[in-house]
Amino acid sequence: MTDAQETAEEMTLRTTGGAPPDDVDSAPIPLLEPREGMPPVVADADALAAVVAAFAAGTGPLAVDAERASGYRYGQRAYLVQLRREGAGTALIDPIGCPDLSALGAAVADAEWILHAATQDLPCLREIGMTPTRLFDTELAGRLAGFARVGLGAMVENVLGYALEKGHSAVDWSTRPLPDPWLRYAALDVELLVDLRDALEEELRRQGKLEWAHQEFAAIAAAPPAPPRKDPWRRTSGMHKVRRRRQMAVVRELWTTRDQIAQRRDVSPGKVLGDSAIIEAALGSPPNAHALAALPGFGHRMGRKQLEQWQAAIDRARALPDSELPQPGQALTGPPPPRAWADKDPVAAARLSAARAGVSELAERLNLPQENLITPDTVRRLCWEPPADPTPDAIATTLTAHGARPWQIEQVTPLLTEALQAGAE
């Protein structure tokens with residue numbers, strides 16, 4: 001048995017939380033080591049051209065990962081891209097020195113891309129010209145296979161029997177030059193992605209879920225970029241404390257000012273001003289910069305000029321006419337929060353309760369998370385506005401309109417039909 005394989009019985013025990021055979025866990029788990037030496041960081045056009053040629057000539061799937069500087073820099077751009085392919089080895093590419101990787105993306109466009117938690121990396125990869133036409137998501141595969149822990153380290157350890165190095169996942173990847181230990185950590189993230197993919201494919205096939213996974217992967221690859229979030233200031237942490245429209249205007253003005261400063265300085269907005277400080281200012285409504293300085297988050301380390309800029313934002317919000325104040329809450333594009341259903345529509349609440357219970361029971365039986373069986377939002381929308389005649393065909397049509405995949409529709413339509421028909425009666 002190779003390092004990238006294990007018996008179906010052993011993998012089943014791991015996915016369901018059972019105890020594996022004694023000889024599996026008795027030996028210490030080896031720390032993963034690179035198969036080749038540490039590759040140099042590609043940061044200029046000539047080196048990139050060599051990588052493009054090598055990966056175009058490579059064979060088989062392409063392991064891909066990207067490192068961002070979340071919490072340090074503004075936005076979610078990639079600061080390191082890691083690739084591995086049979087015949088080409090591993091490449092570490094600096095998107096600061098090589099901001100356009102469209103030639104590389106075109107060279108490997110026909111390959112299946114393997115990513116872990118693909119939806120996290122695809123936006124930053126798309127920004128630099130790399131978009132897959134087909135992919136395999138090892139995190140999502142782990143969820144469908146029933147693994148309790150689906151982080152990359154846990155998956156590599158449980159499936160392949162290797163331990164990945166830890167400790168550098170939250171570092172500032174915009175640092176230049178990148179320290180060798182960080183580069184080693186990054187290179188190892190793609191070292192066994194192909195092996196992990198192959199083992200998970202076999203397990204999904206054994207469980208009869210491989211076609212489900214293929215449909216999920218195709219949906220991710222075909223999904224368009226997410227539209228800009230409407231009123232992002234409403235997501236300020238602690239916003240639930242803000243009740244009055246004038247206070248909401250203060251949050252909006254401070255959030256917008258902070259975002260402009262963060263973008264100009266290319267730093268995380270949280271490093272400019274914390275969410276808690278914004279909420280304190282909105283609730284306290286200080287009349288001047290001196291009063292503002294007494295609020296939490298606007299302490300002694302903040303200079304007078306900074307205090308005055310935040311106070312100016314508060315004053316702008318205070319001067320707005322009532323007609324320009326934000327409305328409480330966001331315009332609903334779907335059903336109301338479930339907690340309000342019992343009062344607004346008790347019959348719909350009963351439908352939702354029955355549907356949730358059915359989904360929960362089926363997900364447990366299939367050994368996968370409920371949200372992967374069918375999204376909670378889809379269930380809510382269906383139960384709030386069901387078809388006039390809740391037949392299986394009508395329900396399947398509604399689920400399709402909400403973006404459910406064929407395998408999901410096949411699995412949940414019978415139980416949702418039963419729940420909606422019971423509600424109709």
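Further up the page is the structure itself.
Reading guide: rules and limits
- Residues numbered from 1 in each chain as written.
- Predicted model: local features only at pLDDT ≥ 70, side-chain atom pairs only at ≥ 80, totals over all residues.
- Heavy atoms only, no water.
- Phe/Tyr/Trp six-rings, centres within 6.5 Å; stacked < 30°, edge-to-face > 60°.
- Helix = DSSP H or I, 4+ residues; strand = E, 2+ residues; numbered from the N terminus.
- Buried < 20%, exposed > 50% of the residue type's maximum accessible area, 1.4 Å probe, protein only.
- Pairing = 2+ DSSP bridges.
- 1 Å grid on protein atoms, 1.4 Å probe; cavity = no way out; pocket = protein on both sides within 12 Å on 5 of 7 lines; lining within 4 Å.
- Points joined across faces, edges and corners; volume = space filled by probe spheres on them.
- Nonpolar A, V, L, I, M, F, W, Y, C, P; charged D, E, K, R; others polar.
- Axes fitted to C-alpha atoms, helices over the stretch in contact; angles between N-to-C directions.
- Left-handed = near helix turned anticlockwise from the far one by under 90°.
- Contact = heavy atoms within 4.5 Å.

Describe the packing of aromatic side chains, listing the residues and the values that go with them.
Aromatic rings considered in pairs are described by the distance between their centres and by the relative angle of their planes. All told, the structure shown has five aromatic pairs when counted by the stated rule. With a centroid separation of 6.2 Å and an interplanar angle of 25 degrees, the aromatic rings of Trp173 and Tyr185 are classed as stacked. Taken together, the residues span a long stretch of sequence, with Trp173 in the loop between helix H7 (152-160) and helix H8 (180-188) and Tyr185 in helix H8 at a distance of 12 residues. For Trp173, a relative accessible area of 0% translates into the label buried.

So, the pairing of strand E4 (residues 89-93): which residues are in play, and what are the values?
Within E4, five of the five residues are buried, which leaves it mostly tucked inside the rest of the structure. In terms of strand pairing, strand E1 (residues 41-42) meets E4 through two bridges, oriented parallel. Its bridge partner being in E4, Val41 is matched across the sheet by Leu92. Here strand E3 (residues 78-86) pairs with E4 via five bridges, running antiparallel.

Lay out empty space enclosed by the protein in plain terms, naming residues and giving numbers.
Scanning the entire structure with this criterion turns up two cavities of 30 Å³ or more. By volume, the second largest cavity amounts to about 40 Å³. Elements supplying a minimum of two residues to the lining of the second largest cavity: helix H5 (118-127) and helix H10 (210-222). Here the lining of the second largest cavity is built from residues that sort into six nonpolar, one polar and one charged.

Provide a residue-level description of the packing of helix H17 (residues 346-366) against helix H19 (residues 376-384), including the pertinent values.
Packing of H17 against H19 leaves a shortest axis separation of 9 Å and a crossing angle of 145 degrees. In this structure, H17 crosses over H19, and the sense of that crossing is right-handed. Contacts between H17 and H19 involve Ala348, Arg351, Leu352, Ala355 and Val359 from the first element and Val379, Arg380, Cys383 and Trp384 from the second. Among the residues forming the contact of H17 with H19, the class breakdown is seven nonpolar, no polar and two charged.

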